[in-house]
Every structure is written in C-alpha cells, then in structure tokens.
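Tertiary structure, described
Now for the letters of each chain:
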Amino acid sequence: ILNVEQSPQSLHVQEGDSTNFTCSFPSSNFYALHWYRWETAKSPEALFVMTLNGDEKKKGRISATLNTKEGYSYLYIKGSQPEDSATYLCAFISNFGNEKLTFGTGTRLTIIP
Amino acid sequence: NAGVTQTPKFRILKIGQSMTLQCTQDMNHNYMYWYRQDPGMGLKLIYYSVGAGITDKGEVPNGYNVSRSTTEDFPLRLELAAPSQTSVYFCASSFEAGPGYTFGSGTRLTVV
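Residues numbered from 1 in each chain as written. Chains lettered and ligands numbered in written order. Predicted model: local features only at pLDDT ≥ 70, side-chain atom pairs only at ≥ 80, totals over all residues. Heavy atoms only, no water.

1. Details of the state of the cysteines
- With the rule as written, the count across this model stands at 2 disulfides over all chains.
- Two residues share a disulfide in this structure: C23(A) and C90(A), whose sulfurs sit 1.9 Å from each other. Looking down the S-S bond of the C23(A) and C90(A) bridge, the torsion is 75 degrees, so its handedness is right-handed. Of the two residues, C23(A) is situated in strand β3 (residues 19-24) and C90(A) in strand β9 (residues 86-94); the sequence distance between them amounts to 67 residues. Judged on exposure class, the residue C23(A) and its partner C90(A) are both buried.
- Note that C23(B) is cross-linked by a disulfide to C91(B), the S-S spacing being 1.8 Å. The chirality of the disulfide connecting C23(B) with C91(B) is left-handed, given an S-S dihedral of about -70 degrees. One end of the pair, C23(B), is in strand β3 (residues 19-25); the other, C91(B), is in strand β9 (residues 87-94), with 68 residues separating them in the sequence. By the burial criterion, C23(B) is buried, and C91(B) matches it. (Disulfide = S-S within 2.5 Å. Helix = DSSP H or I, 4+ residues; strand = E, 2+ residues; numbered from the N terminus. Buried < 20%, exposed > 50% of the residue type's maximum accessible area, 1.4 Å probe, protein only.)

Structure below.
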C-alpha cells in the first residue's frame, strides 16, 4: 500500500492572501503525480499532471511544483478568492505498471471573505 | 460531451439487498475505475479495468464485483449490501495514465 499524505488537513485563508500546501509521496518508483480540485457536491476535476522532477505547472492563480527525489509536491494559490474554496487532492502513480492512482486525504481550503 | 455518467445519484438499500451502480463514458477511455469516499478517509480504489474484458481488484474490493464487457461501460455490483458499504461511490476514466482522470458525479448509497 502506497502512502500519500497531505498537509494541512484543513486551512482557512483570508481573501486576497496567498497560500500553499503539501503532498508527500514515495520517492522511489515514481511515475506521475496528479492534483485535483474537488468542490463540495461536485466531482473531482483534474488540475495538473506532473511527471518530471522539477516540473512547475500553472493554471491562472494556481501553480504546483514537483520534487520526485525527496517525494513532495507543493500547490500554491496566489491572491485567494472565495471560489477557490474546495478540497485539493493529490494522487500518486508508481511505475509498477498498473497505472492506478493512490489518493491523499486532501486539504480542505476555506477562503474567508 | 457527456463525459462519465453515473446512475443512480442516490439510493437507499436494505441490508442483504443487491444493486448495480452504472457507469458509462463516451470518451473512448480504456481505463476505468471505481472509488468509494468515506469521511476523513479519502478516495479508496475498489476495482479498476485497463480495457474491455480485463478487471482487477483495488484496495477495498470485498463485497463488490465488476465487469467490463465494453469499453464504455463499467458497472459495479453489490450482491449482499451491508451497512459498511454506506458511502459515496465515484466512477472515473482515463486514457491510460494520461491527462488526469475524468470523474462521474457520484452515487450516494445508504444501507440500512
């Protein structure tokens, strides 16, 4: 069983502030890391798929970095807005050949207007 | 674009009853998955399929069965419902391990 951990579990951020949170995953047998955004009462939506050490991806005010050697990824949100309130999931795929995601338990982000 | 369609959205079952959760995708994805989501536990993989005719167990397969007779459909069967199967179930699909999974809208199942 692969261990994917996210911290913090929950976070309250003032509107306009920037924030970041962490995903830790096994540093061996890395294949890919996914980030998903999951709004309440909806289904998860893919944000980023990262495969190379040192990858940086950006979508609007949200960006992510990847360090496969030490087994972590950061998700950054710049200038938080109320619509950023959601649970952010990371998920790891190993290169064992079965290509299925192991999800972390998520970081629940609440933006305070 | 329908994406991944799950039915039903809600269901209440009595202990010992059986039911099938339907999942259909129209994106010609070869990989399909069933996850369950329990509070504080994240998404746990029940079963997955890498193509028509091929299925494999995930992390929590006990009490469930699946089939994949076509690329589009991946139904999840509960034979003898138990209260421990009360959960929200998500179906997802992907083109191999490519640009992220596409999730269905979920099925909230309560077993009483």
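Read on for the rest.
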